[in-house]
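Descriptive analysis of the structure
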Amino acid sequence: MLRLDLQFFAGEKTEKATEKKRQDSREKGQVLKSQDVTSAIVLLSVFSFLLLASGFMRERFFSFFQQAFTHYFSLKDLDAEVALLIYSEVLIQTAFILLPVMIIAVIAGIAGNLFQFGWLFTTEPLKFDLKKIDPIKGLKRIFSIRAIVELMKSILKISFIGTVTFLIIWMNIDKVLSLAFKSAWDTLSTIGQLTAMMGITASFTLLFISILDFFYQKYDYEKNLRMSKQDIKDEHKNTEGDPLIKSRIKQRQREMAMRRMMQEVPTADVVITNPTHYAIAIKYDDGEMDAPIIVAKGVDFIAQKIKMIANEHEIVMVENRPLARSLYDQVDINEPVPEEFFKAIAEVLAYVYRIQRKI
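In this text, all values refer to a predicted model and were calculated from it rather than measured experimentally.

1. Notes on the overall build of the protein
Scanning the protein from terminus to terminus reveals 14 helices and four strands. The buried share of the protein, reckoned over its 359 residues, is 26%. Once local pairs closer than 6 in sequence are excluded, the contacts in the protein between residues at least 24 apart make up 75%.

2. So, the packing of aromatic side chains
As enumerated under the stated definition, the model contains three aromatic pairs in all. Geometrically, the ring pair formed by tyrosine 278 and tyrosine 328 is edge-to-face, given 5.2 Å between the ring centres and 70° between the ring planes. Residue tyrosine 278 is located in strand β2 (residues 278-283), and its partner tyrosine 328 is located in helix α13 (residues 321-330); the two are separated by 50 residues in the primary sequence. Judged by relative accessible area, which is 25%, tyrosine 328 ranks as partly exposed.

3. Some words on the pattern of salt bridges
Under the counting rule described, the total for this entry stands at six salt bridges. A salt bridge links lysine 153 to aspartate 36; the nearest nitrogen and oxygen atoms lie 3.5 Å apart. One end of the pair, lysine 153, is in helix α7 (residues 145-171); the other, aspartate 36, is in helix α3 (residues 35-52), with 117 residues separating them in the sequence. Taking the relative accessible area as the measure of exposure, lysine 153 reaches 11% and is therefore buried. Classification of aspartate 36 by relative accessible area gives buried; the value is 6%.

4. A short note on the sheet that holds strand β3 (residues 293-299)
Pairing in this open sheet of four strands is mixed, and the strands run β3-β2-β1-β4 from one edge to the other. Each end of this open sheet is capped by a strand with a single partner; those strands are β3 and β4 (316-319). Along the sheet, successive strands turn relative to each other by an average axial angle of 20°, direction set aside. Alignment of strand β1 (residues 270-273) against β4, held across four bridges, turns out to be parallel. Residue valine 271 lies in a different strand from β4, and its bridge partner there is methionine 317. Here helix α12 (residues 301-312) sits on the sheet and contacts β1, β2, β3 and β4; the angle it forms with β3, its principal contact strand, is near 130°. Helix-sheet contacts for α13 involve β1, β2, β3 and β4, and the interaxial angle to β2 is about 80°.

5. A short note on the packing of helix α2 (residues 19-27) against helix α9 (residues 184-225)
Closest axis-to-axis distance for the α2/α9 pair is 11 Å, and the angle between their directions is 110°. When the interaxial angle is binned, α2 and α9 end up roughly perpendicular. Viewed along their axes, α2 and α9 form a crossing whose handedness is right-handed. Across the interface between the two elements, Lys21, Arg22 and Ser25 from α2 touch Tyr221, Glu222 and Leu225 from α9. Here the contact of α2 with α9 is composed, by residue class, of two nonpolar, one polar and three charged.

6. Some words on the packing of α3 against α9
Where α3 meets α9, the axes come as close as 8 Å, and the angle between the chain directions of the two elements is 160°. When the interaxial angle is binned, α3 and α9 end up roughly antiparallel. The way α3 lies across α9 gives a crossing that is left-handed. Facing α3, whose interface residues are Gln35, Asp36, Val37, Ser39, Ala40, Leu43, Leu44, Phe47, Ser48 and Leu51, α9 presents Thr195, Ala196, Gly199, Ile200, Ser203, Phe204, Leu206, Leu207, Ser210, Asp213 and Phe214. For the contact of α3 with α9, the class distribution of residues is twelve nonpolar, seven polar and two charged.

7. A look at the environment of isoleucine 200
In this structure, isoleucine 200 sits in helix α9. Judged by its relative accessible area of 18%, isoleucine 200 is buried. Taking the C-alpha atoms as reference points, isoleucine 200 and threonine 165, 35 residues apart in sequence, are found 9.9 Å from one another.

8. Quick look at the UniProt feature "transmembrane region" (unreviewed entry) in the protein
UniProt marks residues 37-57, 155-173 and 193-216 with the feature "transmembrane region" (unreviewed entry), using the numbering shown here. Taken end to end, residues 155-173 has its terminal C-alpha atoms 26 Å apart, with 95% of it in helix and 0% in strand. Here residues 193-216 runs as 100% helix and 0% strand, with 35 Å between its end C-alpha atoms.

9. Observations regarding unusual backbone geometry
Despite not being glycine, aspartate 300 has its phi angle at roughly 55°, a positive value. With respect to the helices and strands, aspartate 300 occurs in the loop between β3 and α12. Here aspartate 300 falls in the partly exposed class, since its relative accessible area comes to 42%. Here asparagine 334, not a glycine, exhibits a phi torsion of approximately 65°, which is positive. Its place among the elements puts asparagine 334 in the loop between α13 and α14 (342-358). Since its relative accessible area comes to 54%, asparagine 334 is described here as exposed.

So, how was this worked out
Residues numbered from 1 in each chain as written. Predicted model: local features only at pLDDT ≥ 70, side-chain atom pairs only at ≥ 80, totals over all residues. Heavy atoms only, no water. Helix = DSSP H or I, 4+ residues; strand = E, 2+ residues; numbered from the N terminus. Buried < 20%, exposed > 50% of the residue type's maximum accessible area, 1.4 Å probe, protein only. Contact = heavy atoms within 4.5 Å. Phe/Tyr/Trp six-rings, centres within 6.5 Å; stacked < 30°, edge-to-face > 60°. Salt bridge = Lys/Arg side-chain N within 4 Å of Asp/Glu carboxyl O. Pairing = 2+ DSSP bridges. Axes fitted to C-alpha atoms, helices over the stretch in contact; angles between N-to-C directions. Parallel < 35°, antiparallel > 145°, perpendicular 65-115°, else oblique. Left-handed = near helix turned anticlockwise from the far one by under 90°. Nonpolar A, V, L, I, M, F, W, Y, C, P; charged D, E, K, R; others polar. UniProt positions renumbered as here; feature names shortened; annotations may be inferred.

Shown next, in the form of structure tokens:
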């Protein structure tokens, strides 16, 4: 029973996401994003541009209609070539009017996304996934807490934006009621001013709501990214490797290094001992080496094995406790002996050579 409880808590997603988990989610297109932030920035940018560029657009509109009523309607011979020419001119004039607005909207949309999650290009969300058309999961999404939050958010947006636009009309009700008695020019100017005011005010209102939505999206994003303790362990294993396998590899590497070292013991000229705890095998070739080299060293069990191999190959063993301990601590395998040990080792080698000559 206790084991089941531990497994349950181990599988509960209570831990913050790791950097690798965040990076993997980002590569899949799962990023912190509030669509309302982008919408608010786009709406505010477009209406601000319309307010600033209203004079330019007005001139373009009047130029377009003037040409249509004075030139196009006066044409008597209308054939396919003339119709194509008219279509091209209308398309060009329409582009001059609408293209700046569309460019501003695109730039604002890109800026809104860059502001939230930076530059990201991935085709992962475009991949076909059968889970997306699963009716059961679809029903769960419809009746989920997130769907309820989105519904409440939509009601809040409609209520707030509807209220502020109504207040603008109500505060300018005299201008609205007097439109019937004004000229077309004054009517168009008044409608344009009121539309710009309502658009900008609605944009700021949506921007305020989008800030609240951004914090909710951040909370929901972090909640969905949470990991269980087991997830973190599995990720660590996948990233760093299974500790058991790594320990076995290291053990195998130590064994191979040990075998190579023991194979070098028979080539040694002398083994300096402690005598029981340390064993240092030294090799020196006067014609090829500048200094003696340690080919093997070890303590306790390894030292006993070095001495056993040395005894089998009739290698002279010399007891020198301080020298054996110092060489073991300061010199690695296959490294030349430092100059400070030259005198002591020279005495040892001279002793070995004398014994070998007697033999």
